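Analysis of the macromolecular model
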Amino acid sequence: MMGDFWKRFSRNRGAVIGLFILLLVVVVAAIAPLLFPDSPWRMVQRPFLPPFEMSEYPLGTDTIGRNVISGLAYGAQVSLLVGLVSTVVSLLIGIPIGALAGYFGGFVDDALMRFTELFQTVPNFALAIVLVAIFEPSIYSIIAAIAIVSWPPVARLVRGEFLSLRQREYVEAATLSGQSHAAIIWRQILPNTLSPIIVLASLMVATAILLESSLSFLGLGDPNLMSWGYMIGAARTVIRQAWWLSFFPGVAILLTVLALNLIGEGLNDALNPRLARKGK
Amino acid sequence: MHSIRALRARASKGTMMATPAARIEHLKIALPEGADRALAVDDVSFDLVPGEILCIVGESGSGKSMSANAMMGLLPDLVRPVGGRILVGDKDILTLSDKERRDMRGRAMAMIFQEPMSALNPLMKVADQIAEVYEAHGLLTPRERKDRAVQLLTEVGIPEPEKAARAYPFQLSGGQRQRVMIAMALALEPKILIADEPTTALDVTTQAQILDLIRHLQRERDMAVMFITHDFGVVAEIADRVAVMQFGKIVEEGSVDDVLDHPQHDYTRKLIAAIPRLSADRRAAIEKAPILAVEGLNKTYHTGGSMFAKGRVVHAVNDVSFVLADGETLGIVGESGSGKSSVGRCLVRLLDPDSGVVKLGGVDMAYMKGEELRRERKRIQMIFQDPYASLNPRSRVGRILSEGPMAHGKPKDEAYQRASELLELVGLDASAIDRYPHEFSGGQRQRIGIARALALEPEVIIADEAVSALDVSIQAQVLDLLADLKARLNLALVFITHDLRVAAQVCDRIAVMQKGRIVELGPAYDIFNDPRDAYTRSLIEAIPGREKELAAMTG
């Protein structure tokens, strides 16, 4: 099974490149304290030092002389952390709701889906801003806000999968053999919904990173943590004098999100081989 | 009977002289890497002669459809021909450009498919779809096209062709849709007609009509027909010549009488021997206490109702009553939509009946709920139709077999011990316990399904089309296994099937269902030899290959 998985995944060249970029970002985030022992908030040189002039500060310094490349490395930590944790939290909300709605149907389905729609009718980003503003910006409130706005698609996907899988003969056989609802949901149906959930989750990490950057850009980031969105936000007033201050964090966001999307596509090819595009 | 056969034999001798309409020479078609064999079709040669029906028979995976698809240029993306020629007239189809091939399709040869619903465009009226064939080749004016469409529909015997021309596919029955497909195939008067399992998805009475129609049109138009099927009964009905395929090779070819009556190759012999005989034995009536008693069972479906439109009410099970004795096999036969599956599902309570009594060993199961139902249900278990959908792809076989007993409180060790005993009981190796379902073939999977049904030591087993998805030789093995287990474990069996041959072989008594009602119920021998109900008679008369078999039996 595993061998097949890698074979199909690696047939998608974009996905392999994406995986490579993501690994690079992960490594940078992991060894940031070793590369840059100083805090990224510390002023180290004159302000507005352009990139590629001093080998010690290859990407230059910002408006008050902080090291840009060090900010990027620490920002990677925040982006990955927020992306992963908020995705896990929204899966923890979305999967049970979708599973119960799809499995039991009827009144349970109606109630849970109306509840889900309540969240879907409010624009994601606006809701996230409001939530962060109410709870004071911190890494926890940001993760909570992103999770709260991004679980509805998970619930809908899982519900759809459950609706179709619950009709399968092996689920009926499990019912006949006297297994409880919990055992059928947990052991018969859920394992068979994992493939689409994994694909969706990889794309949700990318969306969460974008949301975090947007919140930080607006000044709603965690004030104690350096993040890519904050760097761009702080540099927006000087974009004409110091292009590099918004350019490099922008590239970092672009590459990370692109990598995650490529990986998601590769996972889709690998996990749903019948749906994979032909001729590859 | 004999005179017809003699006529047929003379007719086919007469056509020996005719030039073949198509000639397949040493065709080789390669499968993508990693498939179970290198060549889907391996050095296959045959001729299609005008006025003759060539049946290509084989089990699933024998490569029979691939050769047809190659002729039409419809091979799947990764499958390509690697050798040989397909000559139609003086052109080799394999070397033609896409444009030339498109021009030949429909004109020189046409194809009809297995599933008439998915082969027709659901959003287009029937007449428009037929007209499209002319349009694609730039023939006739729009007005003439519509007229031709109605003419063709008349020719394929659709009742009220004017009205059918204006209908959408979903408004027609399965048999009518297949007639529309045939009308489309005939639109440009092709010399070659390729039919890929055209009656497999149809009920037995409809199948008989469509076979008649194909036979009739073929004679009238002097077409060469390539008819692909897995069913030797159909072969006996329609073929002039037969080619038997196995693993991509033609193992035997000859006239229909030679192949069916004097098969030369071992594989052909094995296939023919595996066909269930169409004669029920006169069996002693089983006079044991009834284990299952069903009285006045009803189930209706309400569909499509809304605030403005009145919904349709379908009486799927209508006042059904029968008794099943201990150790007896009762067959429930009927065509699709007769309600036979709904009865089975009401018995195990996958469906809730509207009214009626289902007494299992004296306890009424029909309205039981919750924990009580969970406990009682272990006494009545089900074997499902589709061996691919009935086993959880993510569970190992050991877990599939032990989940039931564990849910009823058996310790894990004992349940797994029992699972390996069950595997041996159904003729599988005990090592199968650690493997996943996808590592097994269809027949082996069905054995696992049977083992699962037995795991809870039930008194009654419902087999819902349990062998319908299997190839004929595998089907014979599974039926033998069921008969053996039934005798050893003293099970009572409700055997639901559309296949009367299978029912004749395994059932003590048979209930014939039509539109939710049991129209006739009696010993299998009586049902086949002295059917009382007109519907039963029409079902039995429609079984393909019946005449030939009767002729063989009487000498």
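Residues numbered from 1 in each chain as written. Chains lettered and ligands numbered in written order. Predicted model: local features only at pLDDT ≥ 70, side-chain atom pairs only at ≥ 80, totals over all residues. Heavy atoms only, no water.

Here the focus is the overall build of chain B. Counting its secondary structure elements, chain B contains 22 helices and 20 strands. Structurally, chain B occupies a C-alpha span of about 70 × 55 × 50 Å along its principal axes. In chain B, which comprises 555 residues, the share counted as buried stands at 54%. A separation of at least 24 residues holds for 70% of the contacts in chain B among residues at least 6 apart in sequence. (Helix = DSSP H or I, 4+ residues; strand = E, 2+ residues; numbered from the N terminus. Buried < 20%, exposed > 50% of the residue type's maximum accessible area, 1.4 Å probe, protein only. Contact = heavy atoms within 4.5 Å.)

The next thing to look at is the environment of A:G83. Residue and element names in this part refer to chain A. Relative to the elements of secondary structure, G83 occurs in helix 3 (residues 68-104). What makes G83 buried here is its relative accessible area of 0%. Along the chain, G83 and A201 lie 118 residues apart, while their C-alpha atoms are 10.0 Å from each other.

Attention now moves to the confidence of the model for chain B. Residues and elements named next belong to chain B. Here chain B shows a mean pLDDT of 87. Residues at 70 or above account for 94%. Here residues 1-15 is a poorly scored stretch, pLDDT under 50, and it has 16 contacts once near neighbours within four places are set aside; other chains count. Predicted as a complex, the structure gets a pTM of 0.83 and an ipTM equal to 0.81. (pLDDT = per-residue confidence, 0-100.)

The nonpolar side chains of soluble globular proteins are, as a tendency, buried together. Residues and elements named next belong to chain B. Within the largest apolar cluster, 59 residues are counted, with the highest numbers of intra-cluster contacts made by I182 and F227. No other element matches the 7 residues that helix 8 (residues 174-186) contributes to this core. If we skip the residues at most four places from it in the chain, F227 touches I53, L54, C55, I56, A195, P198, L211, I214, V234 and I238. (Core = buried A, V, L, I, M, F, W, Y, C linked by side-chain atoms within 4.5 Å.)

Bringing empty space enclosed by the protein into the picture now. For the structure on display, the rule yields 3 cavities of 30 Å³ or more. There is about 140 Å³ of room inside the largest cavity. In this structure, the largest cavity is lined by A:P40, A:D62, A:T63, A:R66, A:N67, A:V68, A:M226, A:Y230, A:M231, A:A234, A:A235 and A:L245. Broken down by element, the residue count for the lining of the largest cavity peaks at 4 residues, all from helix 9 (residues 228-235) of chain A. Approximately 110 Å³ is the volume found for the second largest cavity. What lines the second largest cavity is a set of 15 residues, and nearest its centre among them are A:A174, A:Q179, B:I400, B:E403 and B:R452. (1 Å grid on protein atoms, 1.4 Å probe; cavity = no way out; pocket = protein on both sides within 12 Å on 5 of 7 lines; lining within 4 Å. Points joined across faces, edges and corners; volume = space filled by probe spheres on them.)

As a further point, take the packing of helix 5 (residues 124-135) of chain A against helix 8 (residues 181-217) of chain A. All names here are of chain A. Relative to each other, helix 5 and helix 8 sit at 55 degrees, their axes nearing to 11 Å. Regarding the angle of helix 5 to helix 8, the classification is oblique. In the packing of helix 5 onto helix 8, the handedness of the crossing is right-handed. For the pair formed by helix 5 and helix 8, the contact residues are F125, A128, I129 and V132 on the first element and L211, S214 and L215 on the second. Looking at the contact of helix 5 with helix 8 residue by residue, the classes come out as 6 nonpolar, 1 polar and no charged. (Axes fitted to C-alpha atoms, helices over the stretch in contact; angles between N-to-C directions. Parallel < 35°, antiparallel > 145°, perpendicular 65-115°, else oblique. Left-handed = near helix turned anticlockwise from the far one by under 90°. Nonpolar A, V, L, I, M, F, W, Y, C, P; charged D, E, K, R; others polar.)

All names here are of chain A. Tallying each qualifying case throughout the model produces 14 aromatic pairs over all chains. Between Y103 and F104, the aromatic rings sit 4.9 Å apart at their centres with planes inclined by 90 degrees, giving edge-to-face as the arrangement. Assessed through its relative accessible area of 39%, F104 is described here as partly exposed. Arranged with centres 5.9 Å apart and planes meeting at 25 degrees, the rings of F115 and W151 form a pair that is stacked. Remark: W151 occurs in helix 6 (residues 139-165) and F115 occurs in helix 4 (residues 106-121); sequence separation between them is 36 residues. (Phe/Tyr/Trp six-rings, centres within 6.5 Å; stacked < 30°, edge-to-face > 60°.)

Residues and elements named next belong to chain B. In this structure, L140 takes a positive phi of about 60 degrees despite not being glycine. A positive phi angle, close to 50 degrees, is found at E197, a residue other than glycine. On the accessibility criterion, E197 (8% relative accessible area) is buried.

The grouping of A:V27, A:I31, A:L34 and A:L35 at the surface amounts to a nonpolar patch, some 380 Å² of accessible area in total. Residue placement: A:V27 occurs in helix 2 (residues 13-35). (Patch = residues over 30% accessible without salt bridge, like charges linked within 9 Å, V, L, I, M, F, W, Y side chains within 5 Å. Areas by Shrake-Rupley, 256 points an atom, 1.4 Å probe, with all protein chains shown as cover. Salt bridge = Lys/Arg side-chain N within 4 Å of Asp/Glu carboxyl O.)

Residue and element names in this part refer to chain B. Assigned domains of chain B: these are domain 1 (1-98 + 230-275) and domain 2 (327-348 + 458-554). The interface is formed by 16 residues belonging to domain 1 together with 12 residues belonging to domain 2. Interface area, domain 1 with domain 2, both sides summed: about 1200 Å², of which 60% is carbon and sulfur. Taken together, the connections running from domain 1 to domain 2 amount to 0 salt bridges. The tally of links between domain 1 and domain 2 comes to 4 residue pairs in polar contact (both at pLDDT 80 or more). Only helix 10 (232-238), helix 11 (256-261) and helix 12 (266-274) provide two or more residues apiece to the side of domain 1 that touches domain 2. (Domains from an automatic or database assignment. Buried area = accessible area lost by both parts, 1.4 Å probe. Polar contact = N/O pair within 3.5 Å; in protein donor to acceptor, adjacent residues only side chain to side chain.)

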